[in-house]
Amino acid sequence: MQLRRVVGLVWGLIFTLLSSGCSMRKVGYDLAGRIVSSRMIDTFALHGQDKATAERFIRELHKWHRQQELPRYVQVIDGLSDRLRDGMSEDDLRWLQQQGDDAILRLAEQLAPQSAEVLSHLSEEQLRHADRKMEKSERERFERLDQSEDKYYAYRLENTKKTLKTWIGSYTDEQLAIFASFHRQDRDEERKRREATRKNRASLLAAIRNKAPVAELSSMIRHWFTTRQTHPAPDYQQSEAQQQALYNQLILRVDKTLSATQRAHLLSELAAWRRDFVELSAK
């Protein structure tokens, strides 16, 4: 499950940092506020009062996340660990997905209004700068999509191998085959996501150019973060829901193949994340 993208992909940096080893997760989280501020300032060429405002609200957002969200993550890990010990059910997976959706929504509601206020002040020069920066991020995210099928699927499979080794310690041919079948039908959906990202960028920048009210900009950012679209379209949302359902079935299939050793590794990895979140939230 992918975290929804927001303007400049700024907050996603936190989760990139958190995906490293235990000690690096904690160091990365402590530095995340500065990194996110730097990324936002660079993407939108902020200066003066807007720069100071962005730095302040990112500090406040980071503090809120540490104090309010990390304890929630600990509770989610406790609930997930209980569900994983004897194998996951569809109800368990729906519960987990809802926890993720709720966390994304809470973050969006904190992030969107203040981001919109800052972005509403952008000049034409800043908008052109932001367009170039956001286009570059889009190219980096989707750079593999235009490669040959063999190269694209090899890339997806290598990432899957790394993910499985991190979370369950090893993988079998059967487990890889389950993911490979998903990757082969998901490429078209990734192309749709790339097109949605382009439309989102264009619609947001156009709204800023046209002096849309801050409330409207906030709504667009919130939708982008929670639905992948600044203006959610029923057909796209249905397609995303179908892909999510397919991915859920994949997770359930893989869960049924886990050996006792793999399941123990997964529970140990979750316990390590739990310890990190407890320590970070106490700072």
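Residues numbered from 1 in each chain as written. Predicted model: local features only at pLDDT ≥ 70, side-chain atom pairs only at ≥ 80, totals over all residues. Heavy atoms only, no water.

Draft legend 1. Local environment of the overall build of the protein. Check the secondary structure of the protein and you find 10 helices and zero strands. Tracing the protein from N to C terminus, the helices and strands come up as α-α-α-α-α-α-α-α-α-α. Its C-alpha atoms give the protein a radius of gyration of 20 Å, within 12% of the compact-globule value 19 Å for 283 residues. Seen through its principal axes, the protein has C-alpha atoms that stretch 55 × 45 × 30 Å. Taken over 283 residues, the protein has a buried fraction of 45%. By sequence separation, contacts in the protein at least 24 residues apart represent 78% of the contacts at least 6 residues apart. Element-wise, carbon and sulfur atoms account for 50% of the exposed surface of the protein, whose accessible area totals about 14600 Å². Taking the average place of the 47 positive charges on the side chains of the protein and the average place of its 41 negative ones, the gap between the two points comes to 3 Å. (Helix = DSSP H or I, 4+ residues; strand = E, 2+ residues; numbered from the N terminus. Rg over C-alpha atoms; globule rule 2.2 N^0.38 Å. Buried < 20%, exposed > 50% of the residue type's maximum accessible area, 1.4 Å probe, protein only. Contact = heavy atoms within 4.5 Å. Areas by Shrake-Rupley, 256 points an atom, 1.4 Å probe, with all protein chains shown as cover. Lys, Arg positive; Asp, Glu negative; His and termini not counted. Charge placed at Lys NZ, Arg CZ, Asp CG, Glu CD.)

Draft legend 2. Just unusual backbone geometry, in detail. The residue Ala-45 is not glycine, and still its phi comes out positive at about 50°. Along the chain, the position of Ala-45 falls in the loop between α2 (22-44) and α3 (48-84). On the basis of relative accessible area, Ala-45 is assigned to the partly exposed category, the value being 27%. Here the phi dihedral of Lys-211 falls at roughly 60°; this positive angle occurs in a residue that is not glycine. Take Lys-211: it is sitting in the loop between α7 (173-209) and α8 (214-227). On the accessibility criterion, Lys-211 (61% relative accessible area) is exposed.

Draft legend 3. Structural detail: the packing of helix α4 (residues 90-119) against helix α9 (residues 234-257). As a packed pair, α4 and α9 sit with axes 10 Å apart at the nearest point and diverge in direction by 125°. On the basis of the axis angle, α4 is oblique to α9. Along this stretch, α4 crosses α9, giving a crossing that reads as right-handed. When α4 is examined against α9, the residues Glu-90, Leu-93 and Gln-97 are found in contact with a partner set consisting of Gln-244, Asn-248, Gln-249, Ile-251 and Leu-252. Broken down by class, the residue content of the contact of α4 with α9 amounts to three nonpolar, four polar and one charged. (Axes fitted to C-alpha atoms, helices over the stretch in contact; angles between N-to-C directions. Parallel < 35°, antiparallel > 145°, perpendicular 65-115°, else oblique. Left-handed = near helix turned anticlockwise from the far one by under 90°. Nonpolar A, V, L, I, M, F, W, Y, C, P; charged D, E, K, R; others polar.)

Draft legend 4. Examining the side chain of Glu-69 more closely. Considering the arrangement of structural elements, one finds Glu-69 in helix α3. The class of Glu-69 is buried, set by a relative accessible area of 1%. Discounting residues that sit within four places of it in the chain, Glu-69 has contacts with Trp-64, Ala-103 and Arg-106.

Draft legend 5. Broad picture of the packing of aromatic side chains. Following the criterion strictly, the structure yields five aromatic pairs and no others. For the pair Trp-273 and Phe-277, a centre-to-centre distance of 5.8 Å together with 70° between the ring planes defines the contact as edge-to-face. With Trp-273 and Phe-277 both in helix α10 (residues 260-281) and four residues apart, this pair spans about one turn of that helix. Just as Trp-273 is buried, Phe-277 falls in that class too. A connected cluster of aromatic rings, assembled from ring pairs, spans Tyr-73, Trp-167, Trp-273 and Phe-277. The aromatic ring of Tyr-153 is capped on one face by Arg-184, whose charged end is 4.3 Å from the ring centroid. The ring of Tyr-153 carries the charged tip of Arg-187 above its face, separated from the ring centre by 6.0 Å. (Phe/Tyr/Trp six-rings, centres within 6.5 Å; stacked < 30°, edge-to-face > 60°. Lys NZ or Arg CZ within 6 Å of the ring centre and 35° of its normal.)

Draft legend 6. Quick look at the packing of helix α6 (residues 149-168) against α10. Across the interface, α6 lies against α10 with an axial gap of 7 Å and an inter-helix angle of 80°. Considered as vectors, α6 and α10 are oriented roughly perpendicular to each other. Packed against α6, whose contacting residues are Lys-165, Thr-166, Trp-167 and Ile-168, the element α10 presents Gln-262, His-265, Leu-266, Glu-269, Leu-270 and Trp-273 at the interface. The residue makeup of the contact of α6 with α10, split by class, is five nonpolar, three polar and two charged.

Keep in mind these values describe shape, not function.
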